[in-house]
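Reading the structure
Here is how the chains run, residue by residue.
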Amino acid sequence: MTAFLWGDWRQDERSPEKVLGYIHHYGSTFEVLNIEVPDQNLTFDRLESAVASFAA
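So, how was this worked out
Residues numbered from 1 in each chain as written. Predicted model: local features only at pLDDT ≥ 70, side-chain atom pairs only at ≥ 80, totals over all residues. Heavy atoms only, no water. Salt bridge = Lys/Arg side-chain N within 4 Å of Asp/Glu carboxyl O. Buried < 20%, exposed > 50% of the residue type's maximum accessible area, 1.4 Å probe, protein only. Pairing = 2+ DSSP bridges. Helix = DSSP H or I, 4+ residues; strand = E, 2+ residues; numbered from the N terminus. Axes fitted to C-alpha atoms, helices over the stretch in contact; angles between N-to-C directions.

Regarding the pattern of salt bridges
- For the structure shown, the criterion picks out two salt bridges.
- Close ionic contact of R14 with D12 constitutes a salt bridge, the shortest N to O distance being 3.5 Å.
- Residue class for R14 comes out exposed when judged on its relative accessible area of 74%.
- We note a salt bridge from R46 to E48, for which the minimum N-O separation is 3.7 Å.

Below, the structure is given as structure tokens:
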């Protein structure tokens, strides 16, 4: 498993608002936990799609 912390580059590095969520890579899938919707996990087959889910 690989995990990515996804953040908003416009926010200060020390600001809690910088953290948007996490992307976990399991085998051939990417699971997204968006901090704004913590009770919903989304699964994607491409990293690009997982990243784009934060903009939706």
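Concerning the sheet that holds strand β1 (residues 2-7)
- Ordered in space as β1-β2-β3-β4, the four strands form an open sheet in which the pairing is antiparallel. With one partner strand each, in any of the chains shown, β1 and β4 (41-44) form the two edges of the open sheet. Averaged over all adjacent pairs, the angle separating strand axes in this sheet is 25°, with direction ignored.
- As judged from the four bridges shared by strand β3 (residues 29-34) and β4, these two strands associate in the antiparallel manner. Looking at β4, one finds that V32 is bridged to L42.

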